[in-house]
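Summary of the model geometry
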Amino acid sequence: MSAPAPSMYSKEAKALADKNGLTLGRANQEVFSETLQELAAKDKQITVVTSDSRGSGKLVPYGQALPKQIVEVGIAEQNLVGVAAGLASVGKNVFAISPACFLTARSFEQVKNDIAYSDNPVTLVGISAGVSYGALGTTHHSLHDLAVLRAVNNLTIISPADNVETKEAVKAAATMSSPVYLRFGKAPLYNLPETGDFIVGKAREIRSGDSAAFIANGETVIHALLASAYLHETLGINCRVISMPTIKPLDNDAVLAAALDCSAIVTVEEHMVNGGLGEACAAVIAQANVTTKLKICGIPDEYTVTGSQADIFRHYGISMEGLAQTMRQLLGL
């Protein structure tokens, strides 16, 4: 019998989360499937297409409740995207669901041509994103998806940070008339502080501060928030924390405001440092001729270490402790 996976949060991080009144929620994938089922029960045009991902996508209850609104194509991701595009072209509201690593690599040509170029309003859902598959290794890690899809015209890219952002992102995607890519992981996440309505294309400032700033997305946001709380408690540093759920279109105003107000910015993502959130923010700052210290924190351009998601986060400094240390170094403390 295999040992349980290490917790995503150290004892110190859990204690700080409790101290700051944060409550542990569920995995975003679970919230996604429940929200989609609620919407589909009211809208018969909503149709799910999966590539043998009913179980991993938490869609077994959906399939049982709405068997006429789900299509299974088997392990054939290119077919998945083609079928989804065809259904969307005749008026169905389609959610195409597959592991992010395969959906965005094996099916890239179909995503580019059949979905984005053909303007078929499919919501592509990449599950088990980033390093969620842990020890299965690089073949199952999606560390390329944001970089690849940012280069495609006519595609909104959203990576929610908690259960609330997930629910609102799914609801928003169901109403959009253009293609969307939603990115979800498997780890249970702390619920972030409430900071107003979720709006596609807009950042959420979940902690104020003008000494420095963390800009993060997806499952890394909570680690940035805990790092900010740790730095305030130990050094009195006030770090702004920005959740950037929409990578494309990016909230340029929020990035520039952080660059103008703060002396240092650390971007954080569960993605290769090439081509993701960090480089998108760097481009905004550079083109505005704003001078601020910037560090892009993610998975470096190397053979990724093998281990659980928690192991990989800690190894590459994406944990609370690692991010706090990165910010201290950037500030020269």
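Everything numeric here is computed off the predicted structure, so don't read it as measured data.

Concerning the packing of helix α2 (residues 28–42) against helix α8 (residues 163–175)
Their axes nearest at 9 Å, the elements α2 and α8 cross at an angle of 40°. In this view, α2 runs oblique relative to α8, as classed from their interaxial angle. By crossing handedness, the relation of α2 to α8 is classed as right-handed. On the side of α2, the interface is formed by N28, V31, F32, T35, L36, E38 and L39, while α8 contributes N163, T166, K167, V170, K171 and A174. Class assignment for the residues of the contact of α2 with α8 results in six nonpolar, four polar and three charged.

Concerning α8
Taking 1.5 Å per residue, 13 residues should reach 18 Å; α8 reaches 19 Å between its end C-alpha atoms and fits that length. For α8, the complete set of buried residues consists of N163, E165, T166, A169, V170, A172, A173 and A174. Measuring from the side-chain oxygen of the N-cap residue of α8 to the backbone nitrogen of V164 gives 3.3 Å; that N-cap residue is D162.

Side note on the pattern of salt bridges
One pass over the structure, following the stated rule, counts nine salt bridges. Notably, a salt bridge pairs E77 with R106, separated by 3.2 Å at the nearest N-O pair. Separated by 29 residues along the polypeptide, E77 in helix α4 (residues 77–89) and R106 in the loop between α5 (100–103) and α6 (108–117) bring together distant segments of the chain. Overall, E77 belongs to the buried group, its relative accessible area being 6%. For R240, the salt bridge goes to E205, with nearest N and O atoms at 4.0 Å. Taken together, the residues span a long stretch of sequence, with R240 in strand β11 (residues 239–243) and E205 in strand β9 (residues 204–207) at a distance of 35 residues. The class for R240 is buried, based on a relative accessible area of 8%.

Description of the nonpolar core
If you look at the biggest cluster of nonpolar residues, it comprises 44 residues, and the most contacted ones within it are Y9, F214, I222, L226, V268 and M327. Per element, the largest residue contribution to this core is eight residues, and it comes from helix α9 (residues 221–235). Residues within four places of V268 in sequence aside, it is in contact with F214, I215, A216, N217, T220, A224, L277, C297, I318 and L323. L66, A169, F184 and F198 belong to the second largest nonpolar core, which has 22 residues in total.

With respect to the sheet that holds strand β10 (residues 212–216)
Spatial strand order, β9-β11-β10-β13-β14: five strands in an open sheet with mixed pairing. Across the chains shown, the open sheet's two edge strands, defined by having one partner strand only, are β9 and β14 (293–299). Going across the sheet, the axis of each strand differs from the next one's by a mean of 25°, ignoring polarity. Where β10 lies against β11, five bridges are found, and the strand directions are parallel. Its bridge partner being in β11, A216 is matched across the sheet by S243. Taken strand by strand, helix α13 (residues 320–331) contacts β10, β11, β13 (264–272) and β14, and its axis lies near 140° from that of β13.

Regarding the pairing of β14
The sheet contact formed by β13 and β14 spans six bridges and is parallel. Counterpart to A264 in the pairing with β14 is K293. As a crossover connection, the stretch from β13 through helix α11 (residues 277–287) into β14 is right-handed.

Description of the side chain of T166
Positionally, T166 belongs in helix α8. A polar contact is formed between the side chain of T166 and the side chain of N28, at a distance of 3.0 Å. Not counting chain neighbours up to four residues away, the residues in contact with T166 comprise N28, V31, F32, P160 and F184.

Notes on the environment of Q110
One can find Q110 in helix α6. Note on Q110: relative accessible area 16%, which makes it buried. Each C-alpha atom of the pair Q110 and E205 lies 35 Å from the other, and the pair is 95 residues apart in sequence. Those residues in contact with Q110, other than ones at most four positions away along the chain, are Q78, V81 and I115.

Procedures and definitions
- Residues numbered from 1 in each chain as written.
- Predicted model: local features only at pLDDT ≥ 70, side-chain atom pairs only at ≥ 80, totals over all residues.
- Heavy atoms only, no water.
- Axes fitted to C-alpha atoms, helices over the stretch in contact; angles between N-to-C directions.
- Helix = DSSP H or I, 4+ residues; strand = E, 2+ residues; numbered from the N terminus.
- Parallel < 35°, antiparallel > 145°, perpendicular 65-115°, else oblique.
- Left-handed = near helix turned anticlockwise from the far one by under 90°.
- Contact = heavy atoms within 4.5 Å.
- Nonpolar A, V, L, I, M, F, W, Y, C, P; charged D, E, K, R; others polar.
- Expected span 1.5 Å × (residues − 1).
- Buried < 20%, exposed > 50% of the residue type's maximum accessible area, 1.4 Å probe, protein only.
- Polar contact = N/O pair within 3.5 Å; in protein donor to acceptor, adjacent residues only side chain to side chain.
- Salt bridge = Lys/Arg side-chain N within 4 Å of Asp/Glu carboxyl O.
- Core = buried A, V, L, I, M, F, W, Y, C linked by side-chain atoms within 4.5 Å.
- Pairing = 2+ DSSP bridges.
- Right-handed = clockwise from strand over helix to strand, strands pointing away.

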